[in-house]
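# Breakdown of the fold
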Amino acid sequence: MLKLFRREQYLRVDTLGDRYDVVIIGGGGHGLATAYYLAAKFGVTKVAVLERAYIGSGGTGRNTTVLRANYKTPETIAFYRASYQLYATLGQDLDYNMLRSQRGLLWLAHSEPQLRNQRERALQNQQFGVNTVFLDAAQVKATCPELDMTGGGKRPILGAAYHPPGAIIRHDAVAWAYAMAAQRLGVEIHQGIEVTGLDIEGGRCRGVRTNQGPIAAGKVLSAVGGYVTDIANMAGIRLPIVTHPLQAYVTEAYKPVLDRIVASADLHIYVSQSARGEVLIGAEIDPFTSYSTRSTFPFLASCSARAIDLFPFLAKLRILRQWTGLCDMTPDYSPLMGLCEVENFLISSGWGTWGFKAIPASGLAMAELLATGQVPSLIAPFALDRFRRDRAVPERASAGTH
Ligand SMILES: Cc1cc2nc3c(=O)[nH]c(=O)nc-3n(C[C@H](O)[C@H](O)[C@H](O)COP(=O)(O)OP(=O)(O)OC[C@H]3O[C@@H](n4cnc5c(N)ncnc54)[C@H](O)[C@@H]3O)c2cc1C
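Read on for a plain summary of the structure.

What counts as what
- Residues numbered from 1 in each chain as written.
- Predicted model: local features only at pLDDT ≥ 70, side-chain atom pairs only at ≥ 80, totals over all residues.
- Near = placed C-beta within 6 Å.
- Helix = DSSP H or I, 4+ residues; strand = E, 2+ residues; numbered from the N terminus.
- Nonpolar A, V, L, I, M, F, W, Y, C, P; charged D, E, K, R; others polar.
- Domains from an automatic or database assignment.
- Axes fitted to C-alpha atoms, helices over the stretch in contact; angles between N-to-C directions.
- Parallel < 35°, antiparallel > 145°, perpendicular 65-115°, else oblique.
- Contact = placed C-beta atoms within 7 Å.
- Expected span 1.5 Å × (residues − 1).
- Buried ≥ 20, exposed ≤ 12 C-beta atoms within 10 Å, placed from the backbone.
- Pairing = 2+ DSSP bridges.

## Regarding the site of the ligand
- Among the 38 residues in the neighbourhood of the ligand, the closest are listed as G28, G58, G225, G325 and G355.
- Elements that contribute at least two residues to the shell around the ligand include exactly α1 (29-42), β2 (47-51), β13 (242-253) and β17 (319-329).
- Residue contributions to the shell around the ligand peak at three residues, all from α1.
- For the shell around the ligand, the residue count by class is 14 nonpolar, 19 polar and five charged.
- The two domains that each donate at least three residues to the shell around the ligand are domain 1 (19-67 + 171-241 + 331-386) and domain 2 (105-164 + 243-328).

Right, dumping it as structure tokens:
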């Protein structure tokens, strides 16, 4: 039987070695999942994950936990659908209760252009075999009775795209589950170790430098979320990525009233209720580049006003917590995975505001690439050289509010 969270079993503390077959920089979901699949699927166990703070302390432990597969390009739909399917059995596979809860996701339209956009989303999804349907206003009300269909008297809800598979899952449980399962297979996870440089000779990466000394590596993977440009700089690589803060917050716990996940492209917000009863509210990235994780009152005030327009009961609730994470944004809103011009140095990046749902599929594919040297077809479209080849994958359905 699954044990709730299994936090009672702490991570093993290993002695840091001086050579590994694979060194993974970053103990977020992507680094940990890659380490797990390297050991579980490819028998590569001489692997070290180096995390400068604690596992899940980056975007993986700060996101709003939405899982969905309603993307818009053939490449992204195939990729996110594969990830959604891996998530569906992840709790059983890793023997860890992640509180996955399928809720159904509504994407509201309050204007004619958005109505067309959401109709198009539904049709496009159906074309690629993704379960998304268009709902008129009466059907939206029936699907989510808590909604104020007048939008606070200002922004009437005209319709929505509805994606029944939309789900939420406990984010830090995902990081812990991968970490503990990887450790059971022999992977080392070192917290409090910062990578400060890369050892590169003759265009080939031979290891990393850390605040605890140098470590040799057969291959090095950068999985550092919003800090990827720092690591890429160490390799002398310039990436088409900029880092933006993204804020979110939760209210105090309230009785369970909101089954659905509700996003509004016109209002640029999304709302869900966690298993603990907290109402979770997120929005768009801050409109400036920064590495700051400071949260702001203007964000809270403006987001709350829009959320109350949709759900008047929120006006009674107090805000419990607010936080900020960093998003590594690509120009085409698609991830950036795979090989670079430096041999034996790979990246798992460009996860922006959409990378939590991608963790299982990216971890598995990156593990295959590290272990076999072959780029899996699922991630081939997301290679760094796509920009040079004029093969960007423009994906406007990446952001939770578009
Ligand atoms: C508020 C918010 C809401 C979001 N909502 C969603 C959502 O609903 N659905 C979704 O799919 N995505 C969402 N995202 C995006 C998602 O959280 C990220 O894309 C994803 O977590 C990235 O995971 P990662 O493993 O690449 O990076 P991270 O989880 O950020 O992990 C990177 C790790 O690298 C470490 N590190 C950095 N530099 C070094 C170094 N030099 N040496 C050693 N370690 C280092 C960091 O400490 C960090 O722990 C959201 C993001 C935010 C901020």
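On we go.
## What to know about the packing of helix α2 (residues 74-88) against helix α9 (residues 359-372)
- Orientation of α2 relative to α9, taken along the N-to-C sense of each, is 105 degrees, at an axis distance of 7 Å. Considered as vectors, α2 and α9 are oriented roughly perpendicular to each other. Note on element contacts: α9 touches α2 through P360, A361 and L364, opposite F79, A82, S83, L86 and Y87.
- Of the residues in the contact of α2 with α9, the class split is seven nonpolar, one polar and no charged.

## Focus: α2
- Its 15 residues place the ends of α2 21 Å apart at the C-alpha level, agreeing with the 21 Å of an ideal helix rising 1.5 Å per residue.
- Buried residues along α2 sit in contact with β3 (66-67), α3 (90-94) and α9.

## Let's talk about the pairing of strand β19 (residues 345-349)
- Within β19, five of the five residues are buried, which leaves it mostly tucked inside the rest of the structure.
- Sheet topology places strand β18 (residues 336-339) next to β19; four bridges connect them, and they run antiparallel. Considered in β19, the bridge of M337 is made with S348.
- Hairpin geometry of β18 and β19 is characterised by an intervening segment of five residues between the two adjacent antiparallel strands and by a positive phi of about 65 degrees at N344.

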